[in-house]
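Below, each chain spelled out in residue letters.
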Amino acid sequence: MPMPATGQWPPARVLVFIAVILIVLTCTAVRQIEHNDPTTYTIIAFLHAAFYLGAVWWVWRWPPRAGDLLLIVVIALVLRAIAMTAPANLSTDGLRYVWDGRIQWAGFNPYLLVPADERLAFLRDALIYPGINQKETAVTIYPPAAQMVFLIANRISDSLSGVQLVMAAFELVIIAAVIAWLKAAGQPLERAVIYAWHPLPIWEFASQAHIDSAATALLMLTIVAVVHGRQGVAGGLLAAAVLTKYFPLVLFPALWRRWSWRLPLAFLTTVAVLYAPYAVGTGTGVIGFLRNHLDNEGYVAGYGFHIVWVLRDFGFWAPSGQTYVALALPVLAALGLWALLRRRADEVRPEHLVVLSAAFVFATSPHYAWYFGWLVPLLARYPSPAVLGFTLLALMWNIPGSTSWASQTLFYTVIYGGFLILVAGEVIWRWHRREQ
């Protein structure tokens with residue numbers, strides 16, 4: 001192969017080489033999931049991460065060239081199409097999505113009846129119902145917009161395939177929104193590779209079809225609307241995102257045009273409209289099983305938060321969940337004020353979005369990899385090495401035993417402690433760059 005004068009491969013060929021490697025790794029990972037081998041799958045996912053970082057570095061190093069964006073998008077679609085052939089063996093969440101959509105179409109409220117309720121017996125099957133988590137005790141935990149997504153998926157196919165297709169469609173929306181955001185900022189569109197080839201959304205959003213895909217898509221559309229000055233539209237989209245999964249609410253201070261009534265009014269109106277169909281006959285029960293779920297995950301007792309777990313495990317302090325939240329909330333509130341006041345009223349600062357979202361994830365200590373996925377598209381505009389590393393470390397949550405009592409301290413230390421080390425390194429790096 002002829003080499004350019006610089007002695008380096010042409011950038012396009014390097015991207016093609018990395019793309020081929022990622023396709024091979026994705027095919028291999030599918031086989032490991034089929035064989036119910038999450039440990040080997042995770043090793044392959046980390047290999048994917050290494051080549052992915054090479055692609056990100058290469059796109060950042062070289063100026064954009066004709067065809068690079070098309071290559072990035074096409075390979076992103078190919079990787080997702082391959083990953084979607086894997087069975088949903090990494091999580092049982094998709095089974096609940098199918099069930100919630102099914103019973104809604106049959107005329108039942110998912111906030112009122114647990115799956116094992118005899119009134120739903122005629123809807124049970126041999127594929128979906130047996131694998132539903134906590135089917136005897138838990139009504140749904142998912143908010144109203146998510147329920148509407150499940151209903152749409154059910155009308156496409158009353159199976160996991162229907163959910164997968166809908167979440168894959170939301171993935172396309174995310175990629176398109178990232179490109180639109182980059183274009184509005186005058187940034188190279190090829191930086192969409194940060195999201196498009198990242199292993200976390202490929203596996204957790206497209207393959208395992210987590211509802212976080214829909215929430216992230218709605219959040220990214222919110223950001224695009226804000227960038228274009230559409231505060232009313234942004235308020236409705238943000239409400240839909242929050243009522244798909246609650247985490248986007250933390251970015252409200254970074255998206256609101258100060259003292260404008262449009263976004264808050266649209267937000268509250270949309271919340272009321274989306275909750276209304278499900279609130280009839282349920283009252284506060286429309287919150288579903290969420291409160292019990294938080295208790296099951298250890299957040300009420302406190303040990304669900306990684307800081308509390310590690311402190312207690314080493315015999316220092318064991319605060320309750322309420323005490324931890326009382327200490328963490330002022331920190332998040334201070335960051336929110338910083339994001340609200342340290343910018344022009346109509347400005348969207350990508351670093352504010354990244355800092356707020358990463359601080360929220362760090363403070364709330366998710367126990368599952370897909371909870372980190374919404375951070376990834378934000379990095380296309382503000383590529384924080386520490387936060388990017390954080391999202392890749394989250395792949396460890398798929399290793400068997402990662403949530404067991406015996407090993408949780410190790411995983412908490414590596415994932416969250418590793419993030420703190422990366423943050424310290426990034427701060428020093430940025431400080432040195434300013435000094436030069």
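Look a little higher up for the structure.
So, a few notes on the structure that sits alongside this text. (Residues numbered from 1 in each chain as written. Predicted model: local features only at pLDDT ≥ 70, side-chain atom pairs only at ≥ 80, totals over all residues. Heavy atoms only, no water.)

Remarks on the environment of Ala239
When you line up the elements, Ala239 lands in helix 10 (residues 231-242). Measuring from C-alpha to C-alpha, the distance between Ala239 and Thr270 comes to 6.0 Å, with 31 residues separating the pair along the chain. Beyond its immediate chain neighbours, meaning those up to four positions away, Ala239 contacts Phe267, Thr270 and Val271. (Helix = DSSP H or I, 4+ residues; strand = E, 2+ residues; numbered from the N terminus. Contact = heavy atoms within 4.5 Å.)

Focus on the environment of Val271
Residue placement: Val271 occurs in helix 12 (residues 262-279). Val271 sits 41 residues away from Arg230 along the chain, and the two C-alpha atoms are 18 Å apart. Contacts of Val271, omitting those with residues within four sequence positions, involve Ala239 and Leu243.

Examining helix 15 (residues 321-341)
Over its 21 residues, helix 15 runs 30 Å from end to end, which matches the ideal 30 Å to within 8%, given 1.5 Å per residue. For helix 15, the full list of buried residues reads Gly321, Tyr324, Ala328, Leu332, Gly336, Ala339 and Leu340. Looking at the packing, one finds that the buried side of helix 15 touches helix 11 (252-255), helix 14 (306-313) and helix 16 (350-364). (Expected span 1.5 Å × (residues − 1). Buried < 20%, exposed > 50% of the residue type's maximum accessible area, 1.4 Å probe, protein only.)

Points about the nonpolar core
Ranked by size, the top nonpolar core spans 130 residues in total, and within it Trp197, Trp203, Ile211, Leu251, Leu353 and Trp397 carry the most contacts. When neighbours within four sequence positions are excluded, Ile211 is seen to be in contact with Tyr97, Tyr142, Ala146, Val149, Phe150, Met167, Thr244 and Lys245. Judged by nonpolar contacts, the second largest core, of seven residues, contains Phe305, Tyr324, Ala328 and Leu332. (Core = buried A, V, L, I, M, F, W, Y, C linked by side-chain atoms within 4.5 Å.)

Re the pattern of salt bridges
Applying the stated criterion across every chain yields a total of nine salt bridges. Between Arg119 and Asp117 there is a salt bridge, and its shortest N-O distance comes to 3.0 Å. Asp117 sits in the buried class, given a relative accessible area of 18%. When salt bridges that share partners are traced, they join Arg102, Asp125 and Asp158 into one network. (Salt bridge = Lys/Arg side-chain N within 4 Å of Asp/Glu carboxyl O.)

Considering the packing of aromatic side chains
Overall, the coordinates contain 30 aromatic pairs when judged by the stated rule. With centroids separated by 5.2 Å and ring planes inclined at 85°, the aromatic side chains of Phe372 and Phe390 adopt a geometry described as edge-to-face. Taken together, the residues Phe372 in the loop between helix 16 and helix 17 (385-393) and Phe390 in helix 17 connect sequence positions 18 residues apart. Residue Phe372 shares its accessibility class with Phe390, and that shared class is buried. An angle of 20° between the planes, with centres 6.1 Å apart, marks the rings of Trp397 and Phe411 as stacked. Of this pair, Trp397 sits in the loop between helix 17 and helix 18 (408-435) while Phe411 sits in helix 18, and the two are 14 residues apart along the sequence. Neither Trp397 nor Phe411 differs from the other in exposure class; each is buried. Ring pairs connect the aromatic residues Tyr303, Trp309, Phe362, Phe372, Phe390, Trp397, Phe411, Tyr412, Tyr416 and Phe419, which therefore count as one cluster. (Phe/Tyr/Trp six-rings, centres within 6.5 Å; stacked < 30°, edge-to-face > 60°.)

Looking at the packing of helix 10 against helix 12
Direction vectors running N to C along helix 10 and helix 12 enclose 40°, while the axes themselves pass 7 Å from each other. The angle between helix 10 and helix 12 places the two elements in the oblique class. For the pair helix 10 and helix 12, the sense of crossing is right-handed. Contact with helix 10, carried on its side by Gln231, Gly232, Ala234, Gly235, Gly236, Leu238, Ala239, Ala240 and Val242, involves Arg262, Leu263, Ala266, Phe267, Thr270, Val271 and Leu274 of helix 12 and no other residues of that element. Grouping the amino acids of the contact of helix 10 with helix 12 by side-chain chemistry returns ten nonpolar, five polar and one charged. (Axes fitted to C-alpha atoms, helices over the stretch in contact; angles between N-to-C directions. Parallel < 35°, antiparallel > 145°, perpendicular 65-115°, else oblique. Left-handed = near helix turned anticlockwise from the far one by under 90°. Nonpolar A, V, L, I, M, F, W, Y, C, P; charged D, E, K, R; others polar.)

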